[in-house]
Amino acid sequence: MQIPYIWNYLPLALQILAALALAGGMVTASYILGKHRRTKVKLSTYECGMEPVGDARGRFTVRFYMVAMLFILFDVEAVFMLPWAVIYKQLPGITHSRFFGFNEMLVYIGFVAVGLFYVWKKGILNWAADKGDL
Amino acid sequence: MSSALLSILPEVVLTVTGVLIMLADPFFAPKASKKALGWLAVLGTLGAAGATLLQLRTHQILLTFSGSIQMDTFSVFFHLLIASIVLLTLLVSLDYFKPGATSHSGEYFALVLFGAVGMMLMTCSVELLMVFIGLEISSISTYILAGYRKGQATASESSLKYFLLGSFATAFFLYGIALAFGATGTTSLNGIASGLSVTAFPTMAFLALAMMLVGLGFKVSAAPFHVWTPDVYQGAPAPVVGLMSTAPKAAVFAVLLRITATTYSSELLHARWVWLIGIIAVLSMTIGNLGALLQKDAKRMLAYSSIAHAGYLMVAYTALPADSIAAAAFYTAGYAAMNVGAFAVISQLGGYDEPLRTIDDYRGLAQKHPVLAAALAFFLLSLIGIPFTGGFFGKFYVFNAAIGAGHVWLAVLGLLNSGVACFYYLRLLTALYSRKLGEEGGEFEGSSPAAAIAIAGAVLATLLLGVLPGKVLGLAQRGATVQVSRNR
């Protein structure tokens, strides 16, 4: 008998069920088994950290934003090198050329370097520089 | 030269030029004039157009990068169109940013070029994931460009709205790709074309097509996915509006043509697809024209007019294969010439601060700048579709193709809509030629020499498409033949 195509998704459905059972089970179990002592300290925002001060919607200097954004950008750019490095030895076989894979990465790093140069020359990496114009 | 390099040579030229601009920009003083960088961008665009002509001369179809890029007459047609639009936009923008207006006028030119890379990539991709990457490159550049007049509240609104709704639409397109992969087991358009006729999931395949239509329909501002258009066009700089109302739309229409071509293999799916497109076309035409009637702001009116034109263009997609592709490709060219031209004139009259908003602000233009007024009037006449303009032949071929496929009702609705459209275009036109009311409204600025060349070029292109459409139509038809023969 031909098995309907949709049954191919059975492992996926089982996985979702297992995930739901695990997550739901852990929360429920700790709710049932754990003791509940609702003191003032227990219910504060950060039980063992600093007391929250002020509103989260205050104004921050744009410098934090620039640093965070650049971190994400260069982080993601670095991540792209990993899959390349993993299959580097097979690349000559795939591309039928000895240096094609190598040269492609050179082009890629070149673009990353251009980005770094632009950011540096514009004075973004200099924390003290005037950012009023951004 | 390797065939892989040849197939993406225009994109490579534009990318390298854009990178050079980004490298050179920090060496200028922040508030200095970056006009030299603008000229470098112009040079790069000319180089890209030259590279495209080189592609055209090879007379071959190249399938490169593991079957994700296809260089053919169809892609060459749209490459040339996008390069021309970008060239005109750059010329118009050269003096748009007065020194000191913004310290980011250098990056502006680079962003225009990077956007063009994405648009060109879309027109030569035959792999949906590659189309998606092209769409993102072009969209992200235009999101930034829309908010370039940073101090103005309308500009921020424009950029943010475009970004949020644009990302939302992109998600739809991506979901469509996923469903298409589910239904046919491939994301290559050629593979989907052969997979659609044998797929075990016709409903999933139809859903995939519909999802992609939502995503792409947003990008061409077709109703009911058009709500962002007036707000975004109102706040974005006028030269950018000229660019983003034509070039990315041309690219998306090219993608839509390639997707439409995949449905030819399955009669059932093609019939349903034509219905979807027909409904969207009628909605866009009607909502666009009725909306434009109510506008007081000139840029908003032209935004609604661009919605209506997207509707006319969609009519072409319901026609028989070869007719439909040639007619749609020709219409994008005609529409691009007149719309870029109209926004070029508007950008020169208002300048960076854009004090001219309402239609009444344009009163008395003919007395002060008779030539600019005549050019704007000519573009408006072409947008109406008067004979001897590109707009006329665009509409003629589109409605003719629809009638040829038996969709007479679409052609009739289109003609009725064109009649309604006369009214609001003529309202702006009569304002140009009537006396100024009092002193309110800003002064008109004149056109810079470079922009004058661009406006003259747009006039010439509109006129040429209206008098001698043969050459452009011939290229469009050759592109259409490639598509049809490939996907049958």
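Residues numbered from 1 in each chain as written. Chains lettered and ligands numbered in written order. Predicted model: local features only at pLDDT ≥ 70, side-chain atom pairs only at ≥ 80, totals over all residues.

Trainee: Help me out: how do you make sense of the overall build of chain A in this one?
Mentor: When its secondary structure is counted, chain A shows five helices and zero strands. Secondary structure elements of chain A, listed N to C terminal, follow the sequence α-α-α-α-α. Taken over the C-alpha trace, chain A has a radius of gyration of 26 Å; the compact-globule value for 134 residues is 14 Å, which it surpasses by more than 25%. Each principal axis of the C-alpha atoms in chain A carries an extent, and together these give about 70 × 65 × 25 Å. (Helix = DSSP H or I, 4+ residues; strand = E, 2+ residues; numbered from the N terminus. Rg over C-alpha atoms; globule rule 2.2 N^0.38 Å.)

Trainee: Would you mind going over the overall build of chain B with me for this structure?
Mentor: Along its length, chain B carries 21 helices and two strands. Based on the C-alpha atoms only, the size of chain B along its principal axes is roughly 70 × 55 × 40 Å. Out of the 488 residues in chain B, the part that is buried amounts to 61%. Sequence separation of at least 24 residues holds for 80% of the intrachain contacts in chain B that already meet a minimum separation of 6. (Buried ≥ 20, exposed ≤ 12 C-beta atoms within 10 Å, placed from the backbone. Contact = placed C-beta atoms within 7 Å.)

Trainee: Is there a simple way to think about the domain arrangement of chain A in this case?
Mentor: By a widespread convention, an interface's size corresponds to the accessible area lost as its parts come together. For chain A, the assigned domains read domain 1 (1-34) and domain 2 (62-121). The C-alpha-based centres of domain 1 of chain A and domain 2 of chain A are spaced at 38 Å. (Domains from an automatic or database assignment.)

Trainee: Teacher, can you tell me more about helix H12 (residues 247-262) of chain B here?
Mentor: For H12(B), spanning 16 residues, the distance from its first C-alpha to its last is 23 Å, which sits close to the expected 22 Å at 1.5 Å a residue. In terms of residue burial, H12(B) counts as a mostly covered element, since 16 of its 16 residues are buried. (Expected span 1.5 Å × (residues − 1).)

Trainee: Help me understand the interface of chain A and chain B in this model?
Mentor: Listed per partner, the contact involves seven residues of chain A and seven residues of chain B. Counted by class, the side of chain A that touches chain B contains four nonpolar, no polar and three charged residues. (Nonpolar A, V, L, I, M, F, W, Y, C, P; charged D, E, K, R; others polar.)

Trainee: Got a minute to help me understand the nonpolar core in this structure?
Mentor: Side chains of a nonpolar character, in soluble globular proteins, are inclined to be buried together. Within the largest apolar cluster, 187 residues are counted, with the highest numbers of intra-cluster contacts made by Ile82(B), Val112(B), Leu380(B) and Val398(B). A per-element tally of this core places helix H15 (residues 321-350) of chain B first, with 19 residues. (Core = buried A, V, L, I, M, F, W, Y, C linked by C-beta atoms within 7 Å.)

Trainee: I would appreciate a short explanation of the confidence of the model for chain B in the present structure.
Mentor: Should the pLDDT be low somewhere, the predicted coordinates at that spot are not to be read in detail. Confidence in the prediction for chain B averages 91 pLDDT; 98% of positions are at 70 or higher. At the level of chain-chain contacts, confidence expressed as ipTM amounts to 0.83, with global pTM at 0.90. (pLDDT = per-residue confidence, 0-100.)

Trainee: How do you make sense of the confidence of the model for chain A when you look at a structure like this?
Mentor: In this model, chain A carries a mean pLDDT of 86, and residues with pLDDT of at least 70 account for 96%. At the low end of the mean pLDDT range in chain A sits helix H4 (residues 91-95) of chain A, at 83; at the high end sits helix H1 (residues 10-33) of chain A, at 95.

Trainee: Any chance you could explain the packing of helix H2 (residues 9-24) of chain B against helix H3 (residues 35-57) of chain B here in plain terms?
Mentor: A pair of packed helices is characterised by two quantities: the angle between their axes and the separation of those axes. All names here are of chain B. One way to put it is that H2 packs onto H3 with a least axis distance of 8 Å and a crossing angle of 170°. For the element pair H2 / H3, the angle class is roughly antiparallel. Considering the relative orientation of H2 and H3, their crossing is right-handed. Contacts between H2 and H3 involve Leu9, Pro10, Val13, Leu14, Thr17, Leu20, Ile21 and Ala24 from the former and Leu37, Leu40, Ala41, Gly44, Gly47, Ala48, Ala51, Thr52, Leu54 and Gln55 from the latter. (Axes fitted to C-alpha atoms, helices over the stretch in contact; angles between N-to-C directions. Parallel < 35°, antiparallel > 145°, perpendicular 65-115°, else oblique. Left-handed = near helix turned anticlockwise from the far one by under 90°.)

Trainee: Can you walk me through the packing of helix H5 (residues 105-124) of chain B against helix H6 (residues 128-146) of chain B in this structure?
Mentor: Residue and element names in this part refer to chain B. Running from N to C, H5 and H6 point in directions that differ by 155°, and their axes come no closer than 7 Å. As far as their axial angle goes, H6 and H5 are roughly antiparallel. Crossing of H5 over H6 shows left-handed handedness. In this structure, H5 uses Leu111, Val112, Phe114, Gly115, Val117, Gly118, Met119, Leu121 and Met122 to contact H6, whose residues at the interface are Met130, Val131, Ile133, Gly134, Leu135, Ile137, Ser138, Ser141, Thr142, Ile144 and Leu145. Across the contact of H5 with H6, the residue classes tally to 14 nonpolar, six polar and no charged.

Trainee: Explanation requested: unusual backbone geometry in the structure shown.
Mentor: Comment: phi is negative for the bulk of residues other than glycine, and the bulk of peptide bonds are trans. All names here are of chain B. A cis amide bond, omega 0°, links Ala223 with the succeeding residue Pro224. With respect to the helices and strands, the residue Pro224 is situated in the loop between helix H9 (202-219) and helix H10 (228-235). Of note in this structure, Phe65 is not a glycine but carries a positive phi near 50°. Judged by C-beta crowding, with 14 C-beta atoms within 10 Å, Phe65 ranks as partly exposed. Positive phi outside glycine occurs at Ser221, with the angle close to 50°. Given 28 C-beta atoms within 10 Å, Ser221 falls into the buried group.

Trainee: I'm lost on the environment of Leu125(A) in this one. Help?
Mentor: Residue and element names in this part refer to chain A. Here Leu125 shows up in the segment after helix H5 (100-121). Of the residues examined, Leu125 has 13 C-beta atoms within 10 Å and is grouped as partly exposed. Distance in space between the C-alpha atoms of Leu125 and Gln90 is 38 Å, their sequence separation being 35 residues. Leaving out residues up to four positions away in the same chain, Leu125 has contacts with Val119 and Trp120.

Trainee: In this structure, what is going on with the environment of Ala18(A)? I would like to understand it.
Mentor: Tracing the sequence through the fold places Ala18(A) in helix H1. Taking the C-alpha atoms as reference, Ala18(A) lies 35 Å from Val41(A); in sequence the two are 23 residues apart.

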